[in-house]
Every structure is written in structure tokens, then in C-alpha cells.
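Now for the letters of each chain:
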Amino acid sequence: MNLARTPSQTVGPYYAIGLCRRVENELVPPNDPGAVRVTGQLLDGDGQPIGDGMIEAWDASGSRWGRSGTDAEGRFSFVVSKPAARSGEAPRLDIYVHARGLLKHQLTRLYFPDEPEANAADPVLSSLPEADRAVLVAEQEDGAVRFDIRMQGERQTVFFSL
Amino acid sequence: MSDDSPIVLPDDPSFGSDVQVDYPGYRSTRLRAPKRPLVTLPEELHPVGGPVFGDETVFELDYDLTKQHEGEPLGERIIVSGRVLDDNGKPIRNALVEVWQANAGGRYKHEVDQHPAPLDPNFSGAGRCRTDDDGNYRFITIKPGAYPWGNHENAWRPAHIHFSVFGRAFTQRLVTQMYFPGDPLFRFDPIFNSVRDPKARALLVSEFDLATTKPEWALAYRWNIVLGHAGSGTTPLEDT
């Protein structure tokens, strides 16, 4: 049997009443010894903040998940602990982007700035042109890791299909 | 893209279950839908596993949107139920299903929603539940109203309930909208028609179901949800 999949539809502007009823952006407690704060902005094709987006983060090696709505400035934030890497791959978070105007959520990856060697060897990252690699590696900023997501434009985030 | 591009494009069965992400009639896609082609991840590099939501995620009455306040909400009480399946037809148990919706007058309890229809003090419009061993979910709610939106002149959304579903694997994530049969607004709605294959579009529409109604109390709609395949991300424990 091969059933047809139910199609996707946009999360719309009012998802917060259903999906952001509790604080779910801490993949580990903030006082965890390995806690890293991840912040970023979700930006549209004009570079304007997307204030009605939602980001979901999945740490497959630690089986930790979280989500964060974006505020009026398009900002989201998480507390994570850097995932363990599978052999031959760099540590990363799998990220889904949802928003009004986005008819299907988009998949991207967040890589960590303090892992230059592992990032260079990562099979996905190393298969991309250099400019795209840079877009997927977060930046160190004030003790946090900054990862901006651009839906369009010259520095558009790389989105993946499965 | 100019503002005179059509609100609704003709059917195109070649899309299958895929939504057209840059559907021009839905104006907000223009600055938000990615412009560059997606990069295909080989299956062995897909995300593996997915969040598992335990009993603590869902409170006993989260499935009943009519019992979250002192009084009962206004509107037509309905039962919405169905199964969450994988594309092989196998039930997905313990899937987290979250819903949110407008009230009977077509107004969301959200500060951004300024539609001049009344808020209902007895309706928040959000619920959640987990599927049972046969993949069944069930909600009690009220039928949401249609509402206007700013996409184009005299634009109205057909009545719908938003659904968010986590399957066994992160790769099975689905966010979608469930519609009601026979809605006269279908053919004017760019979001509904962004699914260009009419057969796939029909999968977004629930069926009236006399068998699951509750006599003297509520009408009922059935709607099954089919997730994509879990791939290598399947959690073996969940694979019953």
C-alpha cells in the first residue's frame, strides 16, 4: 500500500495560540554545564524581520527538541548543548522554519563555529559551494551562537529536501 | 511578480501531494518562499529520530476545546477524529497532534487578529492530544467560521482547523489545515489551491461522518492524516 501524503499548508499568522503555549526553547536547562545560547533573526527577501515565524530545532544525537516563535524583530532563541557528532560528520542541529507565507516548512542545518575541522570534513557541508557553507555555520557573538535565517537573497539560507 | 497575477492557478496533477511553495496568488509567499532550489540530502544523511512526547505533554482535557473555560463556547459543537498513518497505511501511535482555530464567528484569540467579529470568552481555540495504539486522534470543538484576510480584494479563508503533527521521525513533520466538505470558498482561496493536484487537495477536506456523531449532542467529521515515510529516522521502538 502506498497512500498519498496529506499536503502541507502554511502555519499562518496565529500559530502561537496553538504551538507556543509553553516555553519549549530549552533543549537543555540554562544551568547545564554545556549550555550554549543560540540566537538569530528570521529575515525575508527584503531583509525585513519575519515576526510571525517559528523555528524548531532537533538534536538527533541527544534526542532533544525545542521550538521558538519569532518576535517583532524576527528574533528566536534556544538553549542547547552542542550535539555529539556521528562518525565523519560535524556536530549540528536540524532546523525547521515555519512562517506565514511559507506553505511548507523548510529544513536547514546549524553548524557550530568552533568546529572548523569537523565542519571541513562534514559530508553535507563540504559538498556545498563555499558561500553556502558559510551561511550554515553560526557565528560566535557575545557568548552566544548567532544563526540568522534568510529566506531569499544573495545570502539565502541553504534549504534541504528529503 | 505583479499584483495582477491570478489568485488561483489551474489544476496541475503533476504536483501530487507537494504544495507549490511559491504560489503567486498567496501574496506573502513572495518575500518568504525560498528562491533557490532545495539541496537534496541523501537518505543516509537525513535527520534521524524525532522527538517523543510523553504523557506529561498532554493534559486530560486538552482534546476538548469546549471545556477550557467556565461556560461553553458559542457555535456548532463538532467532533473531529481520524487516524494518523504512514504512507504504508500503518498507524502511528503516540503522535502528538496539536490544533488551533478561529471561533464560530471567524475570530482568533490572537492580538494580531482584528477581524471585527466578537471574541468568545469561553473559547481559546487550541487543543492537543496523542494518538492511541491504532493511530486514532479525537477532538471536541466548535465549527470555526470563515474570515476575511488582506491577501486580495474581498479575500475570505474557507473555514479550517490548523493541525500540527509529529510522527515517528523528525522527517515526518507535518503542519497543515483541515477543511470542511463543500465549502463555497474553496475555489477562491489561494492557500487551499496552492495544492495544485485536485486529488491531493481533496485530502485536506474532512468528511461528514454520521457514525461518529453523538445523537442529540454533536455532528462529526472524519479526517485521516498520512505522513511521509520515516526513512532511516524511524525509531525502532515506535515501529510497531
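Being a predicted model, the structure only gives us computed values, none of them experimental.

Describing unusual backbone geometry
- Its identity is not glycine, yet Asp142(A) carries a phi of approximately 50°, on the positive side.
- Looking at Asp142(A), the relative accessible area reads 78%, which means it is exposed.
- For Asn154(B), which is not a glycine, the phi torsion comes out positive at approximately 55°.
- Relative to the helices and strands, Asn154(B) resides in the loop between β6 (147–149) and β7 (155–157).

Observations regarding a nonpolar patch on the surface
- On the surface, Phe208(B), Leu210(B) and Leu219(B) cluster together into a nonpolar patch covering about 300 Å² of accessible area.
- Note on placement: Leu210(B) falls in the loop between β10 (207–208) and β11 (219–222).

Description of the nonpolar core
- Among the nonpolar cores identified, the biggest contains 39 residues, and Ile55(A), Phe78(A), Ile95(A), Val97(A), Leu110(A), Ile149(A) and Met151(A) are the most heavily contacted of them.
- Going through the elements one at a time, β1 (35–43), β2 (53–59), β4 (75–81) and β5 (92–99) of chain A together with α1 (190–193) of chain B are the ones with two or more residues in this core.
- Here the element with the most residues in this core is β5(A); it accounts for four residues.
- If sequence neighbours within four positions are ignored, Ile149(A) has contacts with Gln41(A), Leu42(A), Leu43(A), Ile55(A), Phe76(A), Ile95(A), Val97(A), Thr157(A) and Phe159(A).
- With 24 residues, the next largest nonpolar core counts Leu65(B), Ile92(B), Leu174(B) and Tyr221(B) among its residues.

Points about the side chain of Asn122(B)
Residue and element names in this part refer to chain B.
- Here Asn122 lies in the loop between β3 (96–101) and β4 (126–130).
- Within polar-contact distance, the side chain of Asn122 engages the backbone nitrogen of Gly71 at 3.1 Å.
- Setting aside anything within four residues of it in sequence, one finds Asn122 in contact with His69, Glu70, Gly71, Glu72 and Pro73.

Overview of the packing of aromatic side chains
- This structure, assessed with the given rule, holds 18 aromatic pairs over all chains.
- Arranged with centres 4.5 Å apart and planes meeting at 35°, the rings of Tyr14(A) and Tyr108(B) form a pair that is tilted. Taken together, the residues span two chains, with Tyr14(A) in the segment before α1 (16–19) and Tyr108(B) in the loop between β3 and β4. An identical accessibility class is assigned to Tyr14(A) and Tyr108(B); each is buried.
- Here Phe180(B) and Tyr221(B) contribute two aromatic rings whose centre-to-centre distance is 5.0 Å and whose plane-to-plane angle is 85°, an arrangement assigned as edge-to-face. Residue Phe180(B) is located in the loop between β9 (174–179) and α1, and its partner Tyr221(B) is located in strand β11; the two are separated by 41 residues in the primary sequence.

Quick notes on empty space enclosed by the protein
- Under the defined criterion, the tally for this structure stands at three cavities of 30 Å³ or more.
- Space inside the second largest cavity adds up to approximately 50 Å³.
- In this structure, the second largest cavity is lined by Ser8(A), Gln9(A), Thr10(A), Val11(A), Val97(A), His98(A), Ala99(A), Leu102(A), Leu103(A), Lys104(A), His105(A) and Val175(B).
- When the residues that make up the lining of the second largest cavity are grouped by side-chain class, the tally is six nonpolar, five polar and one charged.

Quick word on the confidence of the model for chain B
Residue and element names in this part refer to chain B.
- Summary statistics for chain B give a mean pLDDT of 93 and a share of 95% for residues scoring 70 or more.
- Between residues 233–240, whose pLDDT stays under 50, and residues either more than four places distant or in other chains, the model counts 19 contacts.
- In the predicted assembly, ipTM is 0.96 and pTM is 0.96.

Some thoughts on the pairing of strand β6 (residues 106–111) of chain A
Residue and element names in this part refer to chain A.
- Within β6, six of the six residues are buried, leaving the element largely enclosed by the surrounding structure.
- Bridge count for β5 against β6 is six bridges, and the pairing is antiparallel. Within β6, the position partnered with Arg92 by the bridge is Tyr111.
- Linking β5 to β6, which pair antiparallel, is a turn of six residues; within it Gly101 sits at a positive phi near 85°.

Conventions we followed
Residues numbered from 1 in each chain as written. Chains lettered and ligands numbered in written order. Predicted model: local features only at pLDDT ≥ 70, side-chain atom pairs only at ≥ 80, totals over all residues. Heavy atoms only, no water. Buried < 20%, exposed > 50% of the residue type's maximum accessible area, 1.4 Å probe, protein only. Helix = DSSP H or I, 4+ residues; strand = E, 2+ residues; numbered from the N terminus. Patch = residues over 30% accessible without salt bridge, like charges linked within 9 Å, V, L, I, M, F, W, Y side chains within 5 Å. Areas by Shrake-Rupley, 256 points an atom, 1.4 Å probe, with all protein chains shown as cover. Salt bridge = Lys/Arg side-chain N within 4 Å of Asp/Glu carboxyl O. Core = buried A, V, L, I, M, F, W, Y, C linked by side-chain atoms within 4.5 Å. Contact = heavy atoms within 4.5 Å. Polar contact = N/O pair within 3.5 Å; in protein donor to acceptor, adjacent residues only side chain to side chain. Phe/Tyr/Trp six-rings, centres within 6.5 Å; stacked < 30°, edge-to-face > 60°. 1 Å grid on protein atoms, 1.4 Å probe; cavity = no way out; pocket = protein on both sides within 12 Å on 5 of 7 lines; lining within 4 Å. Points joined across faces, edges and corners; volume = space filled by probe spheres on them. Nonpolar A, V, L, I, M, F, W, Y, C, P; charged D, E, K, R; others polar. pLDDT = per-residue confidence, 0-100. Pairing = 2+ DSSP bridges.

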